[in-house]
Amino acid sequence: MKIQILPATREQAADIAQLIMMAMTDECCLYFCGDGHGLTDFHRMMTCLVERVDSQYSYKNTLVAMVGKNIVGIAVSYDGGQLHTLRKAFIESAKMFLGKDHTGMDDETQAGELYLDSLAVLPDYRRQGIARRLLEATKKRADSMGLPYVGLLVDKGNPAGETLYTSVGFRYMDDNVWGGHPMKHLVL
């Protein structure tokens, strides 16, 4: 199986949005939804955010793992110093699509790191080195942007995720809380 890691395109937005939601988990996606809204509404909003260039979830911030013409994995990352500017699109969209105001969200990153917001691989393609290749490509992206490291948050209840990250060289930096979950801030 030949796997290619490529910059995403706008036309891939719906598939990318689905994988971002997989990385976030249904529980987290539903947390962001307002009353009377569900995963279909959230996917519609996320697809629009991926299509934009001024969103943290933009296709411009996304690497895709391709097998043939199929997207089998994604890595979404952006300059942590741009979080507040990029998050405006999410806040505006959540108000419009979901009727919920997320203006007071906690910061999950800061200046000086390429923040890995979302990493996901389709279940049928896991344990084949795709996530590792996406992480390596993300590190190269940080280097090309002049950012000293890649940072991410991993849920303390996700030891498998932490094992993956540490196996490619991520190390513990500090503790964090995001979305009500205790997290570890790891850097590479």
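Residues numbered from 1 in each chain as written. Predicted model: local features only at pLDDT ≥ 70, side-chain atom pairs only at ≥ 80, totals over all residues. Heavy atoms only, no water.

Engineer: An account of the pairing of strand β2 (residues 62–67) is needed here, citing residue identities and associated values.
Structural biologist: Within β2, six of the six residues are buried, which leaves it mostly tucked inside the rest of the structure. Taking every second residue as pointing to the same face, both faces of β2 are buried, with Thr-62, Val-64 and Met-66 on one and Leu-63, Ala-65 and Val-67 on the other. In this sheet, β2 lies alongside strand β1 (residues 3–7) in antiparallel orientation, the contact comprising five bridges. Pairing of Ile-5 across the sheet is with Ala-65, part of β2. Where β2 and strand β3 (residues 70–79) come together, six bridges link them in antiparallel fashion. Opposite Thr-62, over in β3, you have Val-76 as the bridge partner. (Buried < 20%, exposed > 50% of the residue type's maximum accessible area, 1.4 Å probe, protein only. Helix = DSSP H or I, 4+ residues; strand = E, 2+ residues; numbered from the N terminus. Pairing = 2+ DSSP bridges.)

Engineer: Lay out the side chain of Gln-56 with the relevant residues and their values.
Structural biologist: Considering the arrangement of structural elements, one finds Gln-56 in the loop between α3 (39–51) and β2. Take Gln-56: its relative accessible area is 1%, and that puts it in the buried class. Separated by 3.4 Å, the side chains of Gln-56 and Tyr-78 make a polar contact. Residues contacting Gln-56, with those up to four places away along its chain left out, are Asn-61, Val-76, Tyr-78, Leu-83, Leu-86, Arg-87, Phe-90, Glu-108 and Asp-117. (Polar contact = N/O pair within 3.5 Å; in protein donor to acceptor, adjacent residues only side chain to side chain. Contact = heavy atoms within 4.5 Å.)

Engineer: Please provide a residue-by-residue account of helix α5 (residues 130–144), values included.
Structural biologist: With 15 residues, α5 should reach 21 Å at 1.5 Å per residue; the first-to-last C-alpha distance of 21 Å fits that figure. For α5, the set of buried residues is Ile-130, Ala-131, Leu-134, Leu-135, Ala-137, Thr-138, Arg-141 and Ala-142. Relative to the axis of α5, the buried residues are bounded by an arc of 165° and lie together on one face. Seen from the open side of α5, the exposed residues pointing more than 90 degrees away from its buried face are Lys-140 and Ser-144. Here the buried face of α5 lies against β1, β2, β3, β4 (113–121), β5 (149–155) and α6 (159–167). Taken from the residues just after α5, Gly-146 is the one with a positive phi, measuring 75°. (Expected span 1.5 Å × (residues − 1). Arc of directions from axis to C-beta.)

Engineer: Account for the nonpolar core, with residues named and values stated.
Structural biologist: Core analysis: the largest hydrophobic core is formed by 37 residues, its most contacted members being Ile-20, Phe-42, Met-46, Ile-74 and Phe-90. Only α1 (13–24), α2 (26–32), α3, β2, β3, α4 (83–98) and β4 provide two or more residues apiece to this core. Not counting chain neighbours up to four residues away, the residues in contact with Ile-74 comprise Ile-16, Leu-19, Ile-20, Thr-62, Leu-63, Val-64, Ser-118, Leu-119, Ala-120 and Leu-134. Grouped together as the second largest cluster of nonpolar side chains are 24 residues, Ala-65, Val-72, Leu-119 and Ile-130 included. (Core = buried A, V, L, I, M, F, W, Y, C linked by side-chain atoms within 4.5 Å.)

Engineer: How would you explain the packing of α1 against α3 if you had to name every residue and give the values?
Structural biologist: Two elements in contact, α1 and α3, have axes whose closest approach is 8 Å; the angle formed by their N-to-C orientations is 120°. Between α1 and α3, the interaxial angle falls into the category oblique. Of the two possible hands of crossing, α1 and α3 adopt the one that is right-handed. Judged by residue contacts, Ala-13, Ala-14, Ile-16, Ala-17, Gln-18, Ile-20, Met-21 and Met-24 of α1 engage Leu-39, Phe-42, His-43, Met-46, Thr-47, Val-50 and Glu-51 from α3. In the contact of α1 with α3, the residues fall into 11 nonpolar, three polar and one charged. (Axes fitted to C-alpha atoms, helices over the stretch in contact; angles between N-to-C directions. Parallel < 35°, antiparallel > 145°, perpendicular 65-115°, else oblique. Left-handed = near helix turned anticlockwise from the far one by under 90°. Nonpolar A, V, L, I, M, F, W, Y, C, P; charged D, E, K, R; others polar.)

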